[in-house]
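Structural features, examined
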Amino acid sequence: MKIELIPAIDIINGQCVRLTKGDYDQKTVYGKPLDMALEFERIGFERLHVVDLDGAKSKHIVNDGVLKEITSQTRLTVDFGGGIKTDEDLEKAFASGAAMVTVGSIAVTEPERFMGWLEKYGAEKMILGADVRHGKISINGWKEDSAEDLLPFLKKYIDAGVKNVLCTEISKDGTLAGPAIDLYQRMMEAYPELHLIASGGVSSIADIEALDAAGIPAVVFGKAIYEGKIDLKELKVRSER
């Protein structure tokens, strides 16, 4: 497989959790984030996607201490998102060891601020979060749908230098119903230079292989790990073939 494999850790109250379709009332707790990060590293993964769900809800970073714990005790390359709304939030994420940050809502509500971050920190450190519901970009922890259509929204920022985009099809997230491959293929057809990170709905190694066959560059997966649907050791073996 060529696809980049990125396990995910979502955090509420310092614990590793998964939501269903972004609903905070549909929450399952799976233990300590650091324990999961250490297990991912032990198996041989190099990347990790960390989401501060408290931060996304509160509109400022909350779990930077958990981020620092993971980055100081593993060698994983961590991208971090959730609640990054200000320059201080961004600096706090980088100071806590994030190699990259995922920013979504600000790119919708304050495009000039996001453009400034892109210029200051560089495209390699910024991941544009493009979370989609009913074809529109969703913001603020998926609690609001904006008026932004996906492809024009992406074009504006790709033209400004964005290379990395994390796209979650919200109706798929946490459902184990399979990824939105058609959506991701449309995005890649429109912008073949994009480093697209698919997210949402992955339920099996077969789903990841299907994304790989469709030419999607990277995938984030979480619930399938915690529910025992994906054997991480088997996935790692297959990825090396």
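Residues numbered from 1 in each chain as written. Predicted model: local features only at pLDDT ≥ 70, side-chain atom pairs only at ≥ 80, totals over all residues. Heavy atoms only, no water.

**As for the environment of arginine 18**
Rule in force here: Secondary structure elements follow DSSP: runs of H or I of four or more residues count as helices, runs of E of two or more count as strands, with numbering from the N terminus. By definition in these notes, contact holds between two residues if any of their heavy atoms fall within 4.5 Å. Counting of polar contacts relies on pairs of N or O atoms within 3.5 Å, with two restrictions inside protein: one atom must be capable of donating a hydrogen and the other of accepting it, and residues adjacent in sequence are counted only when both atoms are side-chain atoms.
In this fold, arginine 18 is placed in strand S2 (residues 15-20). Discounting residues that sit within four places of it in the chain, arginine 18 has contacts with Ala8, Asp10, Gln26, Lys27, Thr28, Tyr30, Asp173, Gly222, Lys223 and Tyr226. Within the structure, arginine 18 has its side chain in polar contact with the side chain of aspartate 10 (distance 2.8 Å).

**Considerations on the nonpolar core**
This is how the line gets drawn: Nine residue types can take part in a nonpolar core, namely buried Ala, Val, Leu, Ile, Met, Phe, Trp, Tyr and Cys, and a core is a set of them joined through side-chain atoms within 4.5 Å. Only protein chains enter the accessibility calculation, which uses a 1.4 Å probe; a residue is then buried when its area is under 20% of its type maximum, exposed when over 50%, and partly exposed in between.
Phe114, Leu154, Tyr184 and Phe221 are the most contacted members of the largest nonpolar core, which has 72 residues in total. In this structure, tyrosine 184 is in contact with Cys167, Thr168, Glu169, Pro179, Leu196, Ala198, Ser199, Leu211 and Ile216, ignoring residues within four places of it in sequence. Residues Ile6, Ala8, Leu166 and Ile197 belong to the second largest nonpolar core, which totals eight residues.

**Points about helix H4 (residues 87-95)**
Under the convention used in this document: Arc, as used here, means the arc of the directions from the helix axis to the C-beta atoms.
Here H4 has its buried residues at Asp89, Leu90, Ala93 and Phe94. Seen end-on, H4 carries its buried residues on one side only, within an arc spanning 130°. The exposed set on the far side of H4, more than 90 degrees from its buried face, consists of Glu88 and Ala95. Packed against the buried residues of H4 are helix H3 (64-73), strand S5 (77-81), strand S6 (100-103) and helix H6 (111-121). Directly after H4, the chain includes glycine 97, whose backbone phi takes a positive value near 105°.

Just distances and angles here, no functional claims.
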